[in-house]
Amino acid sequence: AGDNSRSSLVSTIAGILSTVTTSSSATNPSSSAGATAMAVTQTVKKPSKPVKKNHACEMCGKAFRDVYHLNRHK
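Residues numbered from 1 in each chain as written. Predicted model: local features only at pLDDT ≥ 70, side-chain atom pairs only at ≥ 80, totals over all residues. Heavy atoms only, no water.

Looking at an unreviewed UniProt entry, one finds the protein named VEZF1 protein and attributed to Neodrepanis coruscans. Per its UniProt entry, the protein bears the Subcellular location (unreviewed entry) comment "Nucleus". (UniProt positions renumbered as here; feature names shortened; annotations may be inferred.)

Set out below in structure tokens:
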């Protein structure tokens, strides 16, 4: 069963790469297979946590996440 599932996984990945390469080439003929493979292997980023901006400028009210950035702004 292990060899069968590995073979299935390999053919699934090959099918995905083939599909992405074909659809990418059709929409952008100058794209390369290397760039297409890179798109498949990228991980999906998690939504970032909101940054707390507790340091506000007294002059304009713009808020910064730390004193360093507030002082640089001033």
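1. Section: the overall build of the protein
Of the regular secondary structure elements, the protein holds three helices and two strands. Restricting the contact set of the protein to residue pairs at least 6 apart, pairs at least 24 apart contribute 3%. Just so you have it, the protein exposes about 6500 Å², and 58% of that area is on carbon and sulfur atoms. (Helix = DSSP H or I, 4+ residues; strand = E, 2+ residues; numbered from the N terminus. Contact = heavy atoms within 4.5 Å. Areas by Shrake-Rupley, 256 points an atom, 1.4 Å probe, with all protein chains shown as cover.)

2. Overview of a positive patch on the surface
A cluster of basic side chains, namely K53, K62, R65 and R72, defines a positive patch on the protein surface. Counting through the fold element by element, R72 comes out in helix α3 (residues 67-73). With a relative accessible area of 58%, R72 lands in the exposed category. (Patch = residues over 30% accessible without salt bridge, like charges linked within 9 Å, V, L, I, M, F, W, Y side chains within 5 Å. Salt bridge = Lys/Arg side-chain N within 4 Å of Asp/Glu carboxyl O. Lys, Arg positive; Asp, Glu negative; His and termini not counted. Charge placed at Lys NZ, Arg CZ, Asp CG, Glu CD. Buried < 20%, exposed > 50% of the residue type's maximum accessible area, 1.4 Å probe, protein only.)

3. Remarks on the pattern of salt bridges
In total, this model carries one salt bridge according to the counting rule given. Two residues, E58 and K74, come together in a salt bridge whose shortest N-O distance is 3.2 Å. Here K74 lies in the segment after α3 and E58 lies in the loop between β1 (55-56) and β2 (63-64), a separation of 16 residues in the sequence. Across this residue pair, the class does not change: E58 and K74 are exposed.

4. Describing the state of the cysteines
Enumeration over the complete set of coordinates arrives at zero disulfides. A disulfide-free cysteine, C57 has its sulfur positioned 3.8 Å from the sulfur of C60, the nearest such atom. The class for C60 is exposed, based on a relative accessible area of 51%. (Disulfide = S-S within 2.5 Å.)

5. Topic: a nonpolar patch on the surface
On the surface, a nonpolar cluster with roughly 250 Å² of combined accessible area is contributed by L9, I13 and L17. Structurally, the position occupied by L17 is in helix α1 (residues 2-27).

6. Focus: the UniProt feature "domain: C2H2-type" (unreviewed entry) in the protein
As annotated by UniProt and renumbered to match this structure, "domain: C2H2-type" (unreviewed entry) occupies residues 55-74. Within the segment residues 55-74, helix and strand shares are 35% and 20% respectively, and the terminal C-alpha atoms sit 12 Å apart.

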